[in-house]
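Here is what each chain is made of, one letter per residue.
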Amino acid sequence: MVRKIKIILEMIKFEHTIFALPFAFLGAILGSFIMRGDFPQLSEWIWITLAMIGARSAAMSLNRVIDAQIDKHNPRTAERAIPAGLVSKIEVWLFIVISFVVLFFSAFQLNMLAVYLLPIAVFFLVIYSYTKRFTWACHLILGITIGIAPLGGWVGATGTLPFEAYFLFAAVALWIAGFDVIYATQDADYDKEHGLYSIPSRFGIKKSLLLARVSHTVSFLSFLSLFFITPLGWVYFAGVIISGAILVYEHSLVSENDLSKVQVAFFPMNGILSVVLFVFAIGDVLIWTHL
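Parameters and conventions
- Residues numbered from 1 in each chain as written.
- Predicted model: local features only at pLDDT ≥ 70, side-chain atom pairs only at ≥ 80, totals over all residues.
- Heavy atoms only, no water.
- Helix = DSSP H or I, 4+ residues; strand = E, 2+ residues; numbered from the N terminus.
- Rg over C-alpha atoms; globule rule 2.2 N^0.38 Å.
- Salt bridge = Lys/Arg side-chain N within 4 Å of Asp/Glu carboxyl O.
- Buried < 20%, exposed > 50% of the residue type's maximum accessible area, 1.4 Å probe, protein only.
- Expected span 1.5 Å × (residues − 1).
- Core = buried A, V, L, I, M, F, W, Y, C linked by side-chain atoms within 4.5 Å.
- Contact = heavy atoms within 4.5 Å.
- Phe/Tyr/Trp six-rings, centres within 6.5 Å; stacked < 30°, edge-to-face > 60°.
- Lys NZ or Arg CZ within 6 Å of the ring centre and 35° of its normal.
- Axes fitted to C-alpha atoms, helices over the stretch in contact; angles between N-to-C directions.
- Left-handed = near helix turned anticlockwise from the far one by under 90°.
- Nonpolar A, V, L, I, M, F, W, Y, C, P; charged D, E, K, R; others polar.

Enquirer: For this particular structure, what's the right way to read the overall build of the protein?
Expert: Each helix and strand counted, the protein has 13 helices and zero strands in total. Secondary structure elements of the protein occur, N-terminal to C-terminal, as α-α-α-α-α-α-α-α-α-α-α-α-α. Compactness check: the protein gives a C-alpha radius of gyration of 19 Å against a globular reference of 19 Å for 291 residues, within 12% of the reference. Overall, the protein is about 60 × 45 × 30 Å in size when its C-alpha atoms are taken along their principal axes.

Okay, here's the thing in structure tokens:
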């Protein structure tokens, strides 16, 4: 049992939770700071964390089950756990059910607005895995899905959803969409040959990288806008500038003629970015709440 769980956690890249979890926390911190002038309570931290783990685990496991046949025929993904026979679909489905139970139970421990908005979150968690079958906008759908994380953190901590939260949502959604386009360049030829939809297979590598840059530029501006519309101060501003520099460096690693560093651009750079923004934002709030 332990071995199977370890395989499933590796299959869903559990460590990639670092992309979304800091932004869920950021939503919780900003919401509490703006709406109440304080930090989330310990119980809110716990239930928001569990809700995020449940949501992402369910979504990634669903993706692996739904895409099992696609992964089996793609040389880059053929060794994933399900096509390689390391775990069965039934075992993964059981893990999915447990993950959704964790998500639902956690939402009920937070507040009723979190419960009322659950169907929207679940819809995007499920639909994303099918989008590559009918639209090249699948990257944006993924961005929206993960962009719900900071909204969930905000709602979980405050039971409210004011306009400031949507700027954070847009920033995260476009950031995710941009780097997912970069990641998808690896499969551009395979997707095109097998009738799968993606921006790289539809528009080519050069235009896709340009669209990723545009997406990240708007994301950066959305993060920056929070400095002007919330009480966040210069510490947060410095974090946004550092994050912008990380995005510039990320895009310098890949080009139309050299995709060899896509993996570096994908995980380390974006993982660092999410942590940097979270640390600088929480540092800023700590300064304001202790003045």
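Back to the write-up after that little detour.
Enquirer: What is the right way to read the pattern of salt bridges from this model?
Expert: When the charged atoms of two side chains with opposite charge come close together, those side chains can pair. Using the criterion set out here, one finds four salt bridges in the structure. As a salt-bridge pair, E44 and R36 come within 3.3 Å of each other at their nearest N and O atoms. Relative accessible area serves as the criterion here: at 11%, E44 is assigned to the buried category. Its relative accessible area of 34% is what places R36 among the partly exposed residues. Salt-bridge contacts for D67 lead to R133; the nearest nitrogen and oxygen are separated by 3.1 Å.

Enquirer: How should helix α9 (residues 163–184) be read in this particular structure?
Expert: Along an α-helix, residues three or four positions apart point the same way, because every turn accommodates 3.6 residues. Across its 22 residues, α9 extends 32 Å between first and last C-alpha, which sits within 8% of the 32 Å expected from 1.5 Å per residue. With respect to burial, α9 is a largely interior element, 17 of its 22 residues being buried.

Enquirer: What should I look at first to understand the nonpolar core in this one?
Expert: Inside soluble globular proteins, nonpolar side chains tend to come together where they are buried. Core analysis: the biggest nonpolar cluster contains 75 residues, and F23, F100, L103, W175, F223 and Y236 have the highest contact counts within it. Non-local contacts of F100, meaning those with residues more than four positions away in its chain, are made with A58, L62, V122, L125 and V126. Of all hydrophobic cores here, the second largest spans ten residues; its members include V181, I182, Y183 and A212.

Enquirer: I tried to follow the packing of aromatic side chains on my own but got confused; where do I start?
Expert: Centre distance and the angle of the planes are the two values used to describe a pair of aromatic rings. Summed over all chains, the structure comprises 14 aromatic pairs. Considering the side-chain rings of F23 and F223, the 5.7 Å spacing of their centres and the 25° angle between planes classify their relative orientation as stacked. Placement of F23 in helix α2 (residues 21–36) and of F223 in helix α11 (residues 199–229) is noted, with a sequence separation of 200 residues between them. Aromatic pair F227 and F228: ring centres 5.0 Å apart, planes at 80°, arrangement edge-to-face. The residue whose ring lies beneath R202 is F203, and the NZ or CZ to ring-centre distance is 4.8 Å.

Enquirer: Sorry, what's going on with helix α3 (residues 42–66) here?
Expert: Look at α3: 36 Å from first C-alpha to last across 25 residues, which is about the 36 Å you get at 1.5 Å a residue. Within α3, 18 of the 25 residues are buried, leaving the element largely enclosed by the surrounding structure.

Enquirer: Looking at this model, I keep getting lost on the environment of Q263. Mind explaining?
Expert: On the secondary structure map, Q263 appears in helix α13 (residues 262–289). Distance from Q263 to G27, taken between C-alpha atoms, is 28 Å for residues 236 residues apart in sequence. Once residues within four sequence positions are removed from consideration, Q263 is found in contact with Y183, Q186 and P268.

Enquirer: What exactly am I supposed to notice about the packing of helix α8 (residues 138–158) against α9 here?
Expert: Packed helices, taken two at a time, are described by the angle their axes make and the gap between the axes. Relative orientation of the contacting elements α8 and α9 amounts to 145°, with a least axis distance of 7 Å. Seen from above, α8 lies across α9 with right-handed handedness. The residue inventory of the contact of α8 with α9, partitioned by class, reads 19 nonpolar, three polar and two charged.

Functional significance is not addressed by these values, which are geometric in nature.
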